[in-house]
Amino acid sequence: MQDSQEIRTLLIRRATLVSEEDALSRELRKTQRSILEIDEFLNSTLPINSLPNEILVKIFRSIQTEPWILQGRLIEWSWLPIQAVCRLWRRVICSEPLSWRTITVYSRHEWLQICLERCSDVHADVTLYDRSLDTDTLSVLSQWTSAVRSLTIMNLEGHRKESFSSWLTARRWPVLKEMDVAGLAHHFIDALPPADIGLTIENAPSLRALRLQARAFHPPAEGSLYPHLLTLKLSLCEWPISFGRLLDVLESMTSIEDLWLEKTFIHTVGMPDAQRATRIVTLPRLRSFTLELNRYLPITLLLASLNLPAVTSVRVQIDASEQGPHTIADTLPRHRSSALSPILDAITSVHVSADEYADQYTFYDSSAGWAGPLYVSMFSGATDRFELMSRALADFVNVFSHSPITELSVSSLSTGSVSVWVDVFNRFPGLEIINMRHCESSAAHAFWVALSQTPSPSADDDHCAVFCPRLRLVDTVASHTVPRTEEGFWTMPRVLRARKERGHMLQELRVFHDFSDDHERLSEYLAEVEECVGVLKD
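Residues numbered from 1 in each chain as written. Predicted model: local features only at pLDDT ≥ 70, side-chain atom pairs only at ≥ 80, totals over all residues. Heavy atoms only, no water.

S.K.: Is there a simple way to explain the overall build of the chain in this structure?
M.R.: When you go through the chain residue by residue, the secondary structure sums to 17 helices and 23 strands. Within the chain, contacts between residues at least 6 apart in sequence are counted, and of these 71% link residues at least 24 apart. Accessible area of the chain: about 27,200 Å², with a carbon and sulfur share of 52%. (Helix = DSSP H or I, 4+ residues; strand = E, 2+ residues; numbered from the N terminus. Contact = heavy atoms within 4.5 Å. Areas by Shrake-Rupley, 256 points an atom, 1.4 Å probe, with all protein chains shown as cover.)

Structure below.
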């Protein structure tokens, strides 16, 4: 009996404690609500929260940045963390459709559904990664095709190509302006052949930019889209059509402004054997034209077949082959009416870069940089890379033979021969500025040895005294440490004195040297140089 009494007492005490705990919990929730209401009131009194919602949205957008790479990872800073600050900010963001129009889905289709619902009043830009390309995601997107402004597919796997193409072409995309599809980057990962993207003007009437990468798809076989495209970018992408049909397609692209073809002609059929134009195609609105890593014959034929506006920027990168030539000059069209002629005729400054490690040399307009009117590069495939600078300069002479070059800059780790420098001086007597700051000392020495020679008698009398009589500025590395002989040591001062005595003194000489100031003959050397130039800088 005593035990039963104790048990009842304990149960009563337990019930009392539970009741007190419930009461305290209710009081705690009430207190928390009061604190929250006070916080919300205090929050509403902050100056920033007294602003209209439209101004708040502009402030939130101002913190957005472009994605960047940090330790190999893509970092995107967006407005999403802002909505966790307070209820007001979350309510403002969730009610602003423009804040949800840029949608990136890595795996879960629920996120796509939320974003599309919240930006229902504006057109959306959707990016889907490979892990998100399942039936649930495509089912959600199918309900919103009329609201998608741009669609990007990343890392599309080979086994999904046919099903994705069927899904894409079975729907109408009335406001879709940009389409970007990228397959897997390596052929050994994705051995399945590309599929036809299948888009037409009927199901994508607003499409203006089409980008296909990494063998995911080849361009539409049906040609109704091409007259409306402003941008066509094909990168590591097959285009299995005849060259005649390719010209037909290009001829229809009267609106195209940006045309990028990278390794696009690997499997092209029906290529003519001769390096001559079968007909001329005009692209009246083209502003940027890129041909990268294609074989020499399609590059030559395309450039020979195109009539481009003078304002077009052309970028050509040639992958040399055993069957084709190993120079840029032999690859480019030979006749002066080619697509490059207006650009070559206007260029006055050129940078020649020889990269011995990559076995590649490059020419571009040094006044405008890599994004200028012309950028042309070749992977030479040669065996002796230490002669790359000589090959690059010899090719430069042939490519720009009719250009009014007045400024030349050179960068290389190899040494150009004296004879090739003489060819440069003979072909471009109007040179005024030469920059060799990013060359080896041996290359600078070869330059001065060539400049010391006398031009051929066939030149005009005014030009017979010295090479490049208008030369006024040279920027170079020190060359006197290279030659082992006394005569070689004084090569540069001797050349400068001869030019001064003949009335063609160099106005400015910039010499970079990495030797110590206590070099035993440095002061004597520099004093001799300084007497022969207008200004000496180091």
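Now, onward.
S.K.: For this particular structure, what's the right way to read the packing of helix α16 (residues 491–501) against helix α17 (residues 522–531)?
M.R.: Axes are the key here: two packed helices are described by the angle between their axes and the distance separating the axes. Between α16 and α17, the shortest axis-to-axis distance is 8 Å and the interhelical angle comes to 20°. When the interaxial angle is binned, α16 and α17 end up roughly parallel. Between α16 and α17 lies a crossing whose hand is left-handed. Every residue of α17 that contacts α16 at Met 492, Pro 493, Leu 496, Arg 497 and Lys 500 is listed here: Tyr 525, Glu 528, Val 529 and Glu 531. Here the contact of α16 with α17 is composed, by residue class, of five nonpolar, no polar and four charged. (Axes fitted to C-alpha atoms, helices over the stretch in contact; angles between N-to-C directions. Parallel < 35°, antiparallel > 145°, perpendicular 65-115°, else oblique. Left-handed = near helix turned anticlockwise from the far one by under 90°. Nonpolar A, V, L, I, M, F, W, Y, C, P; charged D, E, K, R; others polar.)

S.K.: For this particular structure, what's the right way to read the environment of Trp 448?
M.R.: Checked against the element boundaries, Trp 448 lands in helix α13 (residues 441–451). Looking at Trp 448, the relative accessible area reads 1%, which means it is buried. Considered as a pair, Trp 448 and Leu 496 are 48 residues apart in the sequence and their alpha carbons are 9.2 Å apart. Residue contacts for Trp 448: discarding those within four places in its chain leaves Val 474, Thr 476, Ser 479, Thr 491, Met 492, Val 495, Leu 496 and Leu 509. (Buried < 20%, exposed > 50% of the residue type's maximum accessible area, 1.4 Å probe, protein only.)

S.K.: Would you mind showing me how to read the side chain of Glu 356 here?
M.R.: Along the polypeptide, Glu 356 turns up in the loop between β16 (349–355) and β17 (360–365). Here Ser 414 takes part through its side chain, which lies 2.6 Å from a polar atom of the side chain of Glu 356. (Polar contact = N/O pair within 3.5 Å; in protein donor to acceptor, adjacent residues only side chain to side chain.)

S.K.: Sorry if this is basic, but what is going on with the pattern of salt bridges here?
M.R.: Where charged atoms of side chains with opposite charge meet at close range, the side chains can pair. Going through the model one piece at a time under the given rule, you end up with 14 salt bridges. A salt bridge links Arg 108 to Glu 110, with the shortest nitrogen-to-oxygen separation between them at 3.5 Å. Taken together, the shared-partner salt bridges connect Asp 248, Glu 251 and Arg 279 into one network. (Salt bridge = Lys/Arg side-chain N within 4 Å of Asp/Glu carboxyl O.)

S.K.: I keep staring at the nonpolar core and nothing clicks. Help me out?
M.R.: For soluble globular proteins, nonpolar side chains are generally found buried alongside one another. Core analysis: the biggest nonpolar cluster contains 137 residues, and Phe 396, Phe 400 and Trp 421 have the highest contact counts within it. Counting residues per element, this core draws most heavily on helix α11 (residues 388–399), which supplies seven residues. (Core = buried A, V, L, I, M, F, W, Y, C linked by side-chain atoms within 4.5 Å.)

S.K.: Explain the pairing of strand β10 (residues 231–235) here, please?
M.R.: On a regular strand, one side chain projects to one face of the sheet and the next to the other, so that they alternate. Taken across its five residues, β10 has four buried, putting it largely inside the fold. Of the strand pairs in this sheet, strand β8 (residues 209–213) and β10 are connected by five bridges, and their pairing is parallel. Note that in β10 the partner of Arg 211 across the bridge is Lys 233. The pairing of β10 with strand β11 (residues 258–262) spans five bridges and is classified as parallel. Across the sheet, Leu 234 pairs through a bridge with Leu 261, a residue of β11. Regarding topology, helix α7 (residues 243–252) serves as the crossover connection from β10 to the parallel β11, and that connection is right-handed. (Pairing = 2+ DSSP bridges. Right-handed = clockwise from strand over helix to strand, strands pointing away.)

S.K.: Please clarify how α7 should be interpreted in this entry.
M.R.: Since the α-helix packs 3.6 residues into each turn, any two residues three or four apart lie on the same face. Those residues of α7 that sit buried are Phe 243, Leu 246, Leu 247, Val 249 and Leu 250. Along the axis of α7, the buried positions cluster into a sector of 160°, meaning they face one direction only. (Arc of directions from axis to C-beta.)

S.K.: How should I be thinking about the side chain of Thr 290 in this particular structure?
M.R.: Its location among the elements puts Thr 290 in strand β13 (residues 288–294). Excluding anything up to four places from it in sequence, Thr 290 contacts Leu 259, Trp 260, Leu 261 and Arg 315.

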